[in-house]
Amino acid sequence: MHAPRHMSRIVATAGAAVLMLVGGMATPSQAAEGTFFYTRADTGRETSLGATPNGQCLGIPGGARNAHNDTDTDARLYTDSSCTSTSRFLGSRQASDEYSMPYPMFVKFG
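Please read all numbers here as calculations on a predicted model, not as lab measurements. (Residues numbered from 1 in each chain as written. Predicted model: local features only at pLDDT ≥ 70, side-chain atom pairs only at ≥ 80, totals over all residues. Heavy atoms only, no water.)

## So, the sheet that holds strand β2 (residues 46–49)
Part 1: Reading across from one edge, β2-β1-β4-β7 is the order of the four strands in this open sheet, with antiparallel pairing throughout. Edge positions in the sheet fall to β2 and β7 (94–95), since each of these pairs with one other strand and no more.
Part 2: Pairing geometry for strand β4 (residues 64–71) and β7, over two bridges, is antiparallel. The residue of β7 that forms the bridge with H68 is A95. (Pairing = 2+ DSSP bridges. Helix = DSSP H or I, 4+ residues; strand = E, 2+ residues; numbered from the N terminus.)

## Describing the pattern of salt bridges
Part 1: Inspection of the entire model under this criterion finds two salt bridges.
Part 2: A salt bridge links R40 to D42, with the shortest nitrogen-to-oxygen separation between them at 2.8 Å.
Part 3: The closest approach of N and O atoms between R93 and D70, which form a salt bridge, is 3.3 Å. With R93 in the loop between β6 (88–90) and β7 and D70 in strand β4, the pair connects residues that are 23 residues apart, well separated along the chain.
Part 4: You can call R93 partly exposed: its relative accessible area is 48%. (Salt bridge = Lys/Arg side-chain N within 4 Å of Asp/Glu carboxyl O. Buried < 20%, exposed > 50% of the residue type's maximum accessible area, 1.4 Å probe, protein only.)

## Side note on the packing of aromatic side chains
Part 1: For the structure shown, the criterion picks out two aromatic pairs.
Part 2: Summarising the aromatic geometry, the rings of F36 and F109 are spaced 5.7 Å apart at their centres and angled 90 degrees between planes, so their arrangement reads as edge-to-face. Taken together, the positions of F36 in strand β1 (residues 34–40) and F109 in strand β8 (residues 106–109) put the pair 73 residues apart, joining distant regions of the chain. In this structure, F36 and F109 share a single accessibility class: buried.
Part 3: Through successive ring pairs, a cluster of aromatic residues spans F36, Y38 and F109. (Phe/Tyr/Trp six-rings, centres within 6.5 Å; stacked < 30°, edge-to-face > 60°.)

## Section: the sheet that holds strand β5 (residues 75–78)
By definition, the strands of a sheet pair up through backbone hydrogen bonds, in either a parallel or an antiparallel sense.
Part 1: The strand order across the open sheet built from four strands is β3-β8-β5-β6, with neighbouring strands paired in antiparallel fashion. Lying at the two open borders of the sheet, with one neighbouring strand each, are β3 (58–59) and β6.
Part 2: Taken together, the two bridges between β3 and β8 define a ladder with antiparallel strand orientation. Pairing of L58 across the sheet is with V107, part of β8.

## Some details on the environment of Y103
Part 1: Mapped onto the secondary structure, Y103 falls in the loop between β7 and β8.
Part 2: Between the C-alpha atom of Y103 and that of G62, which follows or precedes it by 41 residues, the distance is 9.0 Å.
Part 3: Setting aside its immediate chain neighbours within four residues, Y103 contacts A41, A64, R65, T79 and R88. (Contact = heavy atoms within 4.5 Å.)

## Side note on the nonpolar core
Part 1: F36, Y38, I60, A67, L77, V107 and F109 are the most contacted members of the largest nonpolar core, which has 14 residues in total.
Part 2: Within the residue set of this core, elements represented by two or more residues are β1, β4, β5 and β8.
Part 3: Among all residues touching Y38, those that are not within four sequence positions of it are R45, E46, T47, S48, L49, I60, P61, G63, A64, N66 and A67. (Core = buried A, V, L, I, M, F, W, Y, C linked by side-chain atoms within 4.5 Å.)

## Looking at the state of the cysteines
Part 1: Applying the stated criterion to the full structure yields one disulfide.
Part 2: With a sulfur-sulfur separation of 1.9 Å, C57 is cross-linked through a disulfide to C83. With the S-S bond torsion at 80 degrees, the cross-link from C57 to C83 turns out right-handed. In this pair, C57 is assigned in the loop between β2 and β3 and C83 in the loop between β5 and β6, connecting sequence segments 26 residues apart.
Part 3: Residue C57 is classed as partly exposed on the basis of its relative accessible area, which comes to 27%.
Part 4: With a relative accessible area of 6%, C83 lands in the buried category. (Disulfide = S-S within 2.5 Å.)

See below:
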């Protein structure tokens with residue numbers, strides 16, 4: 001009689017663990033709060049990125065001559081679309097010096 005009750009606890013615990021795992025995988029990425037400003041390398045105009053989700057490699061249209069990370073999350077800037085090239089760190093609420101060629105074309109937050 002004790003075995004069925006013991007088994008039901010194991011099954012219930014395993015089921016809860018699976019739900020927590022699946023629920024954790026389904027949550028969307030957090031976004032950096034604030035705005036990422038940059039001066040376009042191609043036109044010299046200041047512009048900004050819209051949504052800045054963490055962990056995604058985002059394109060910087062026109063490339064960045066310099067940047068101001070006015071978000072609550074650190075960022076890394078890259079020259080390649082896979083965000084694997086040598087990166088340039090830009091901390092939360094920091095502005096960069098002027099970048100030289102090749103200009104960063106992508107950014108990843110988090």
